[in-house]
Amino acid sequence: MSKILADICYIRSGDKGDTCTAGLIAKTPQDYPVLLRSVTREAVRDLYGDWVQHDVECYPMDNIQSLVVVMKGALGGGATQTLRLDQTGKALGHGLLRLAVRE
Amino acid sequence: MKNTIRLGAGSGFWGDGIDPAMELLEGGELDYMGFDFLAELTMALLQRQKLKNPQAGYVPDAVQYISQMIPLAMSRGTRLISNGGGVNPRAAGERIAEQARSQGFQGKRIAVVEGDDLLDKLDHMIASGVSLSNMETGDSNFESIHSRLVAANVYTDSSGVIESLVQGADIVITGRISDNAVYVGPIMHEFGWKHDAEHADRIAAAIVMGHIVECSSACTGGMSSRFADMPHMGRPGFPYFDISADGTAELSKLPGTGGHVDAFTVKEHMVYEIHDPRRYLMPDGIPDFTTIKLTETGPDRVKVSGATGQPAPDQLKLILAYSDGWIGESLALFPWPNAYQRAVKARETMLERFERMGLKSSQIQFDFVGLNTLHGPAAPMPDMQTLNNMNEIGLRCAVRTETREEAEKIRRAASHLWIMGPGGTSFGTPIKPRPVMSLWPTLIPREFVNQTVAILEA
């Protein structure tokens with residue numbers, strides 16, 4: 001069976017305004033380059049559809065083998081006005097673990 | 001000057017537990033304990049409370065926790081610093097002073113740091129040419145929210161905390177200083193660092209450490225992806241760290257407490273809500289998180305070194321909060337068999353009720369709880385057979401309206417499902433409508449911000 005991101009990394013996500021930031025942490029140093037090539041802006045946008053309205057940026061952190069994914073317009077207006085139950089995107093980021101791994 | 005100082009975290013949010021903080025204060029031999037209580041929305045909630053009662057507007061937990069900790073903190077020589085003063089740090093300070101006095105701690109010094117509340121200065125700023133454009137949306141039409149403003153608080157730096165400590169404060173209570181400034185202030189004070197280029201890397205180190213511990217147990221196993229490996233999270237160890245004058249620090253928690261401190265738990269919180277890791281914009285400085293090195297130096301002990309950064313930015317982030325209508329919400333659960341079909345039918349019935357009741361709304365959202373509430377379109381839908389064999393499925397509805405009366409219609413329409421809904425429909429207590437406060441973040445020049453310190457004696 002083909003691998004998904006949940007097999008090679010962990011995640012923690014949160015919010016600032018209407019932006020969701022998700023930190024993906026590689027499970028092993030070998031997983032890190034795989035993580036970097038598997039997460040693209042296009043893949044993230046395709047995954048969430050209209051739940052991510054604006055830009056997606058990816059910031060690598062070689063020192064801790066992690067990738068920070070910043071998704072703008074991703075919280076239905078932001079924690080204080082969103083109609084979603086997950087107001088601060090704590091759960092939303094975990095959806096990234098569904099992305100396919102590019103070996 | 002000491003070679004190293006020790007700081008511990010006493011709270012990570014408004015609602016955190018006090019017992020792990022007490023345990024750390026008791027056994028941690030701390031020089032300082034910091035308490036962060038504020039989130040983006042908190043200031044607006046507190047401002048609303050203050051409008052009803054001029055003596056309110058601080059985080060009640062901040063006063064209660066600190067008052068409860070006074071005897072132990074004073075006997076241990078630990079100074080307490082918190083941003084839980086919210087929009088009324090002076091009232092919080094007065095309450096704490098009264099509590100200190102009543103417990104026999106006359107003469108103890110409580111510093112009140114103000115200057116972050118700019119609600120009365122906005123007109124002056126606009127007249128001076130500050131645009132107050134929304135930094136998130138680019139919207140420059142501030143007038144569209146002007147009459148609905150509830151709060152305007154700027155994220156301020158640690159200057160007020162430093163000045164408080166210079167004046168011999170035992171307890172410091174502030175308004176909206178940045179979360180990490182609660183920790184950066186005492187570090188800069190103890191080591192005599194200034195907000196200049198020479199100290200930029202060391203201040204960056206202090207901000208990084210503040211960031212790591214500011215959510216309390218979030219760096220010791222709370223919120224962890226490895227939750228199954230974290231023992232006794234009902235008695236978590238709150239974090240503490242020893243920091244040296246060169247900015248190098250070691251993070252740990254007390255023996256016998258729950259959770260873990262290792263390179264992974266620290267990484268988990270380093271990546272949290274930082275946006276661009278090379279430029280974490282904070283009022284005290286701009287650390288680069290990509291130069292940090294983590295080293296496990298013992299059981300539940302991690303060394304954090306290598307921080308670099310740039311001096312503090314010229315602009316500060318001001319968050320304007322304004323009233324923006326209401327949200328009505330409902331939740332019902334449906335049983336096997338055919339739980340999904342029941343939920344779909346209930347959705348159809350609710351939409352018919354909305355139409356019959358003449359609901360005026362700007363946005364309606366339905367979620368199927370158990371299927372797509374948390375990941376929306378990213379959640380794959382099971383096939384129909386699987387769906388209808390599920391043990392239970394919920395239907396959640398949330399609606400945005402202009403008035404409370406309209407939002408009440410969601411509660412009523414949901415209640416109508418008691419009998420109009422499919423067989424097996426079950427509820428808990430209906431959910432009350434809630435007012436919406438929207439946020440308008442903007443950047444302003446530092447010169448409009450003037451922190452002040454007042455010392456109250458117990």
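First, a word on what this report is: a plain description of the structure on this page.

Rules behind the numbers
Residues numbered from 1 in each chain as written. Chains lettered and ligands numbered in written order. Predicted model: local features only at pLDDT ≥ 70, side-chain atom pairs only at ≥ 80, totals over all residues. Heavy atoms only, no water. Helix = DSSP H or I, 4+ residues; strand = E, 2+ residues; numbered from the N terminus. Rg over C-alpha atoms; globule rule 2.2 N^0.38 Å. Areas by Shrake-Rupley, 256 points an atom, 1.4 Å probe, with all protein chains shown as cover. Lys, Arg positive; Asp, Glu negative; His and termini not counted. Charge placed at Lys NZ, Arg CZ, Asp CG, Glu CD. Buried < 20%, exposed > 50% of the residue type's maximum accessible area, 1.4 Å probe, protein only. Pairing = 2+ DSSP bridges. 1 Å grid on protein atoms, 1.4 Å probe; cavity = no way out; pocket = protein on both sides within 12 Å on 5 of 7 lines; lining within 4 Å. Points joined across faces, edges and corners; volume = space filled by probe spheres on them. Nonpolar A, V, L, I, M, F, W, Y, C, P; charged D, E, K, R; others polar. Expected span 1.5 Å × (residues − 1). Contact = heavy atoms within 4.5 Å. Buried area = accessible area lost by both parts, 1.4 Å probe. Salt bridge = Lys/Arg side-chain N within 4 Å of Asp/Glu carboxyl O. Axes fitted to C-alpha atoms, helices over the stretch in contact; angles between N-to-C directions. Phe/Tyr/Trp six-rings, centres within 6.5 Å; stacked < 30°, edge-to-face > 60°. Lys NZ or Arg CZ within 6 Å of the ring centre and 35° of its normal. Core = buried A, V, L, I, M, F, W, Y, C linked by side-chain atoms within 4.5 Å.

1. Thoughts on the overall build of chain B
No. 1: When helices and strands are counted, chain B shows 13 helices and 17 strands.
No. 2: Taken over the C-alpha trace, chain B has a radius of gyration of 25 Å; the compact-globule value for 458 residues is 23 Å, and the two agree within 12%.
No. 3: Considered along the principal axes of its C-alpha atoms, chain B spans approximately 75 × 55 × 45 Å.
No. 4: Carbon and sulfur atoms make up 50% of the accessible area of chain B, which amounts to about 18,500 Å² in all.
No. 5: The positive charge centre, built from 42 side chains, and the negative charge centre, built from 55, are 5 Å apart in chain B.

2. Details of the overall build of chain A
No. 1: Counting its secondary structure elements, chain A contains 2 helices and 4 strands.
No. 2: Its helices and strands in sequence order give chain A the pattern β-β-α-α-β-β, from N to C terminus.
No. 3: What you see for chain A is a C-alpha radius of gyration of 13 Å, in line with the 13 Å of a compact globule of 103 residues.
No. 4: Its C-alpha atoms give chain A principal-axis dimensions of about 40 × 30 × 20 Å.
No. 5: Counting the 103 residues in chain A, one finds 56% classified as buried.

3. With respect to the pairing of strand 6 (residues 171-174) of chain B
All names here are of chain B.
No. 1: Of the two faces of strand 6, the one holding Ile171 and Ile173 and the one holding Val172 and Thr174 are both buried throughout.
No. 2: The pairing of strand 3 (residues 79-82) with strand 6 spans 3 bridges and is classified as parallel. Within the sheet, the bridge partner assigned to isoleucine 81 lies in strand 6 and is valine 172.
No. 3: Two elements, strand 4 (residues 109-114) and strand 6, share 4 bridges in a ladder whose sense is parallel. Note that in strand 6 the partner of valine 112 across the bridge is isoleucine 173.

4. A few points about empty space enclosed by the protein
The gaps left among the atoms become clear once a water-sized probe is rolled over them.
Residues and elements named next belong to chain B.
No. 1: Taken as a whole and judged by the stated rule, the model has 2 cavities of 30 Å³ or more.
No. 2: In this structure, the largest cavity spans a volume of roughly 70 Å³.
No. 3: As for the largest cavity, its lining consists of Ala39, Glu40, Met43, Ala44, Ala151, Asn153, Tyr155, Arg176, Ile319 and Ala321.
No. 4: Elements that contribute at least two residues to the lining of the largest cavity include exactly helix 2 (42-52), strand 5 (149-154) and strand 13 (315-335).
No. 5: Residues that form the lining of the largest cavity fall into these classes: 7 nonpolar, 1 polar and 2 charged.
No. 6: Reported here for the second largest cavity is a volume of approximately 30 Å³.

5. Concerning helix 9 (residues 200-213) of chain B
Residue and element names in this part refer to chain B.
No. 1: Compared with an ideal rise of 1.5 Å per residue, which puts 14 residues at 20 Å, helix 9 spans 20 Å between its outermost C-alpha atoms and is within 8% of the ideal.
No. 2: Within helix 9, 12 of the 14 residues are buried, leaving the element largely enclosed by the surrounding structure.
No. 3: Inspection of helix 9 places Ala200, Ile203, Ala204, Ala205, Ala206, Ile207, Val208, Met209, Gly210, His211, Ile212 and Val213 among the buried residues, and these make up the whole buried set.

6. Describing the interface of chain A and chain B
No. 1: Listed by partner, the interface residues are 40 residues for chain A and 50 residues for chain B.
No. 2: Between chain A and chain B the total buried area reaches about 3,800 Å² when both faces are included, carbon and sulfur atoms providing 58% of it.
No. 3: Contact with chain B buries surface across chain A, with Arg12(A), Thr80(A) and Leu83(A) losing the most and accounting together for 24% of the total.
No. 4: Seen at the junction of chain A and chain B, the total is 2 salt bridges.

7. Looking at the sheet that holds strand 11 (residues 301-305) of chain B
Residue and element names in this part refer to chain B.
No. 1: The 10 strands lie next to each other as 10-11-8-7-1-2-3-6-4-17, forming an open sheet whose pairing is mixed. Pairing within the sheet leaves two strands with one partner each, and these edge strands are strand 10 (293-298) and strand 17 (452-457). Each strand of the sheet is rotated relative to its neighbour by a mean of 20 degrees, with strand direction disregarded.
No. 2: Two strands pair when backbone bridges link them, and strand 7 (residues 240-244) and strand 8 (residues 249-252) are joined in this way by 4 bridges, in the antiparallel orientation. In the sheet register, aspartate 242 faces strand 8, and the bridge partner there is glutamate 250.

8. Quick look at the pattern of salt bridges
All names here are of chain B.
No. 1: Counted according to the given criterion, the structure contains 30 salt bridges over all chains.
No. 2: Between arginine 226 and aspartate 229 there is a salt bridge, and its shortest N-O distance comes to 3.2 Å.
No. 3: Between glutamate 348 and lysine 345 there is a salt bridge, and its shortest N-O distance comes to 3.3 Å. Of this pair, glutamate 348 and lysine 345 both sit in helix 11 (residues 339-356), 3 residues apart, which is roughly one turn of the helix.
No. 4: Assessed through its relative accessible area of 39%, glutamate 348 is described here as partly exposed.
No. 5: Where salt bridges share partners, they join Arg6, Asp242, Glu250 and Arg301 into one cluster.

9. Looking at the packing of aromatic side chains
Residues and elements named next belong to chain A.
No. 1: A complete count under the given rule lists 7 aromatic pairs over all chains for this structure.
No. 2: Positioned above the aromatic ring of tyrosine 10 is the side chain of lysine 27, whose terminal nitrogen or guanidinium carbon lies 5.0 Å from the ring centre.
No. 3: Positioned over the ring face of tryptophan 51 is arginine 84, at 3.9 Å from the centre of the ring.

10. Thoughts on the nonpolar core
Residues and elements named next belong to chain B.
No. 1: In terms of nonpolar packing, the biggest core is built from 53 residues, with Ile187, Ile212, Phe241, Ile243, Leu251 and Met270 touching the most fellow members.
No. 2: For this core, the element with the most residues is helix 9, which contributes 8 residues.
No. 3: Apart from residues lying up to four places away in sequence, leucine 251 is in contact with Met209, Ile212, Val213, Cys219, Pro239, Tyr240, Phe241, Val261, Val266, Asp300, Arg301 and Val302.

11. Points about the pairing of strand 9 (residues 285-288) of chain B
Residue and element names in this part refer to chain B.
No. 1: Covered by surrounding structure in strand 9 are Gly285 and Pro287 together with Ile286 and Asp288, the residues of both alternating faces.
No. 2: Inspection of the sheet shows strand 9 paired to strand 12 (residues 308-311) by 4 bridges, in the antiparallel sense. Among the inter-strand pairings, proline 287 is bridged to a residue of strand 12, identified as glycine 309.

12. Here's the deal with the sheet that holds strand 2 (residues 19-26) of chain A
All names here are of chain A.
No. 1: Spatial ordering of the open sheet is given by 1-2-4-3, a layout of 4 strands whose pairing is antiparallel. Unpaired on one side and paired on the other, strand 1 (9-16) and strand 3 (56-61) mark the two borders of the sheet. Here the strands of the sheet are splayed against their neighbours by 20 degrees on average, with no regard to which way each runs.
No. 2: Here 6 bridges tie strand 2 to strand 4 (residues 66-71), and the two strands are oriented antiparallel to one another. The residue of strand 4 that forms the bridge with glycine 23 is valine 68.
No. 3: Contacts from helix 2 (residues 41-48) reach strand 3 and strand 4 within the one sheet, and its direction differs from that of strand 3 by about 130 degrees.

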